[in-house]
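Single-letter residue listing:
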Amino acid sequence: MNDLKLFIQIPFLISITACSSASTPNISQEPKQSVIQIQKASAKITCQDLQNPAYQQAIVTAINEIRRQPRQCGQRHFPTAPPLIWNNQLYQSAFAHTKDMTEHNFLGHVSSTGLDLKARLKLYQFKGRGGGENVAHGQKDLNEVIASWLTSPVHCSNIMQPKFTDYAIACAPDQSAQQRNYWTQQFGVR
């Protein structure tokens, strides 16, 4: 619960965008992989930590803690939402999009080669019926970026969307002297 309070108390920083898409039905359960999990408070998870699969449980725990509480996202009220599970195809898609944004210095939902979320999910073989995406630039850690998304009605709605079942988040620093982080959070529907 302390992590949830931290998410709410941090001010909105830099810029963020969100979108959702629906794709053709193709449902399959992804095989679960065995990874040693690290328990770390979400406020302490940095951009570099997100590249380590051992942090997946702490990340999913943080997002699911938010979804366990009813929330107002702008004009829309969301009741509690079912927990999400980590999805490696979403992570690969999110990481590739994050790297693309850092290398081409943009923030958006269409890649530098013109691929939208639906096309990128298909490219990374996400076997689902659709998804959503939040992107951001400039936040230092997981706590800060989630707090930013929760203050935005569209991003908050993606986080609280009950139809989403799968989840991943990726981060990478840009090549500037400040090494500002780019973030991509993806959701999927199985």
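None of these values were measured; they are calculated from a predicted model. (Residues numbered from 1 in each chain as written. Predicted model: local features only at pLDDT ≥ 70, side-chain atom pairs only at ≥ 80, totals over all residues. Heavy atoms only, no water.)

1. Quick notes on the state of the cysteines
Part 1: Taken as a whole and judged by the stated rule, the model has two disulfides.
Part 2: Residue pairing for C47: its cysteine sulfur links by disulfide to C171, the two sulfurs lying 2.1 Å apart. For the disulfide bridge between C47 and C171, the dihedral angle about the S-S bond is near -105°, and by the sign convention the bridge is left-handed. With a gap of 124 residues between them, C47 in the loop between β1 (15-22) and α2 (56-67) and C171 in strand β6 (residues 166-173) connect regions that are remote in the sequence.
Part 3: Residue C47 is classed as buried on the basis of its relative accessible area, which comes to 1%.
Part 4: Across the protein chain, the way the bonded cysteines pair up, counted in sequence order, is 1-4, 2-3. (Disulfide = S-S within 2.5 Å. Helix = DSSP H or I, 4+ residues; strand = E, 2+ residues; numbered from the N terminus. Buried < 20%, exposed > 50% of the residue type's maximum accessible area, 1.4 Å probe, protein only.)

2. A few points about the pairing of β6
Part 1: With seven of its eight residues buried, β6 lies for the most part within the structure.
Part 2: Here strand β4 (residues 85-86) pairs with β6 via two bridges, running parallel. Residue W86 lies in a different strand from β6, and its bridge partner there is Y167.
Part 3: By the bridge criterion, eight bridges tie β6 to strand β7 (residues 181-189) in an arrangement that is antiparallel. Looking at the pairing, A168 lines up with Q186 of β7. (Pairing = 2+ DSSP bridges.)

3. Focus: the side chain of D49
Part 1: Inspection of the secondary structure assignment puts D49 in the loop between β1 and α2.
Part 2: Residue D49 is classed as buried on the basis of its relative accessible area of 12%.
Part 3: Side-chain polar atoms of D49 contact the backbone nitrogen of T46, separated by 2.9 Å. (Polar contact = N/O pair within 3.5 Å; in protein donor to acceptor, adjacent residues only side chain to side chain.)

4. Quick look at the nonpolar core
Part 1: One finds I59, I146, Y167 and I169 to be the most contacted residues of the largest nonpolar core, which totals 37 residues.
Part 2: Secondary structure elements with two or more residues in this core: α2, α3 (88-104), α4 (117-123), α5 (142-150), α6 (153-160), β6 and β7. (Core = buried A, V, L, I, M, F, W, Y, C linked by side-chain atoms within 4.5 Å.)

5. Here we look at α6
Part 1: In terms of burial, α6 is a largely internal element, six of the eight residues being buried.
Part 2: Within the sequence span of α6, burial applies to H155, C156, S157, N158, I159 and M160.

6. With respect to the confidence of the model for the protein chain
Parts of the model with low pLDDT should not have their predicted coordinates read in detail.
Part 1: With 77% of its residues at a pLDDT of 70 or more, the protein chain shows a mean pLDDT of 82.
Part 2: This stretch, residues 1-17, has a pLDDT under 50; its non-local contacts, to residues over four places away or in other chains, come to 50 contacts.
Part 3: When the criterion is pLDDT under 50, residues 20-40 qualifies, and its contacts beyond four places in sequence or with other chains add up to 49 contacts. (pLDDT = per-residue confidence, 0-100. Contact = heavy atoms within 4.5 Å.)

7. A closer look at the packing of α2 against α6
Part 1: Contact geometry of α2 with α6 gives a least axis separation of 9 Å together with a crossing angle of 105°. What the angle tells us is that α2 and α6 run roughly perpendicular. From α2, I63, I66 and R67 reach across to α6, where they touch N158, I159 and M160.
Part 2: Tallied by class, residues from the contact of α2 with α6 come to four nonpolar, one polar and one charged. (Axes fitted to C-alpha atoms, helices over the stretch in contact; angles between N-to-C directions. Parallel < 35°, antiparallel > 145°, perpendicular 65-115°, else oblique. Nonpolar A, V, L, I, M, F, W, Y, C, P; charged D, E, K, R; others polar.)

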